[in-house]
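Now for the letters of each chain:
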Amino acid sequence: MAHISIIGTGNMGQAISSVVTRGGNTAELLGRADADKPVTGDIVVLAVPYPAIDQVLAERAEQLKGKIVVDITNPVNFETFDSLTVPADSSATAEIAGKLRGSRVLKAFNTTFAGTLAAGTVGPLTTTVLVAGDDADAKATLIDVIRAAGLQAIDAGALKRARELEALGFLQISLAANEKVSWTGGFGVVA
């Protein structure tokens, strides 16, 4: 059984917590008011908006050493919804990994909306979580947690694939923001 700490209590944090517990694992949600509470999970999910990452890392970098750290952010320009805010040859996840050298950083959950995570389906399809990272054991551990909840999970490759996952997340958010797709819908994967 895995114990997961989720930093962020919004819709995505709550949806990921439901996935974790549905699979028989334990989750703790840590919000802004919990800044003094230590992170106890072996897996830590950063379920905060991308602009909040630097503050979270400043407060908790030491606590994240040796842990699997999952970045779910999409570094979208939320004023215009027309671009990502990281350099074209990088990703939010790469930036986080550069700041957390003692952690095993993964990208996951950013290509799904909270509603599809909680429901476990995207239309008629089982929700699929794409996972990217350079540590095979860390990816396998997270994939096991996701699959235990009845969801699909696919190893999307190395950490450098986080850029493409962020582009896919950006496209989905842009479509929803422009009312082309529902916030309870999204992309499905047939594997």
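Structural data are supplied above this passage.
Quick caveat, the model's predicted, so the values are computed rather than measured. (Residues numbered from 1 in each chain as written. Predicted model: local features only at pLDDT ≥ 70, side-chain atom pairs only at ≥ 80, totals over all residues. Heavy atoms only, no water.)

## Overview of the overall build of the protein chain
Across its full length, the protein chain holds six helices and nine strands. In terms of overall size, the protein chain behaves like a compact globule, its C-alpha atoms giving a radius of gyration of 15 Å where 191 residues would be expected to give roughly 16 Å. Reported as C-alpha extents along the three principal axes, the dimensions of the protein chain are approximately 40 × 35 × 30 Å. Sequence-distant contacts in the protein chain: of pairs separated by 6 or more residues, those separated by 24 or more amount to 68%. Carbon and sulfur atoms make up 52% of the accessible area of the protein chain, which totals about 8900 Å². (Helix = DSSP H or I, 4+ residues; strand = E, 2+ residues; numbered from the N terminus. Rg over C-alpha atoms; globule rule 2.2 N^0.38 Å. Contact = heavy atoms within 4.5 Å. Areas by Shrake-Rupley, 256 points an atom, 1.4 Å probe, with all protein chains shown as cover.)

## A short note on the sheet that holds strand S9 (residues 152–157)
Ordered by their spatial adjacency, seven strands build an open sheet running S2-S1-S3-S4-S5-S8-S9, and the pairing between neighbours is mixed. Each of the sheet's edge strands pairs with one partner strand only, and the pair in question is strand S2 (26–30) and S9. Averaged over all adjacent pairs, the angle separating strand axes in this sheet is 25 degrees, with direction ignored. In terms of strand pairing, strand S4 (residues 68–71) meets strand S5 (residues 104–107) through four bridges, oriented parallel. Within S5, the residue paired with Val-70 across the bridge is Leu-106. Running at roughly 175 degrees to strand S3 (residues 43–46), helix H2 (residues 53–64) makes contact with strand S1 (3–7), S2, S3 and S4 of the sheet. (Pairing = 2+ DSSP bridges. Axes fitted to C-alpha atoms, helices over the stretch in contact; angles between N-to-C directions.)

## Things to note about the layout of surface pockets
Its volume calculated, the largest pocket comes out at about 860 Å³. Lining the largest pocket are 33 residues, with Met-12, Ala-47, Val-48, Pro-49 and Ile-72 sitting closest to its centre. If you tally residues by element for the lining of the largest pocket, the top one is H2, at four residues. Among the residues making up the lining of the largest pocket, the classes are represented as 18 nonpolar, twelve polar and three charged. (1 Å grid on protein atoms, 1.4 Å probe; cavity = no way out; pocket = protein on both sides within 12 Å on 5 of 7 lines; lining within 4 Å. Points joined across faces, edges and corners; volume = space filled by probe spheres on them. Nonpolar A, V, L, I, M, F, W, Y, C, P; charged D, E, K, R; others polar.)

## Overview of the packing of aromatic side chains
As enumerated under the stated definition, the model contains two aromatic pairs in all. Where Phe-78 meets Phe-81, the ring centres are 5.5 Å apart and the plane angle is 85 degrees; that geometry is what we call edge-to-face. Classification of Phe-78 by relative accessible area gives partly exposed; the value is 42%. On the accessibility criterion, Phe-81 (28% relative accessible area) is partly exposed. (Phe/Tyr/Trp six-rings, centres within 6.5 Å; stacked < 30°, edge-to-face > 60°. Buried < 20%, exposed > 50% of the residue type's maximum accessible area, 1.4 Å probe, protein only.)

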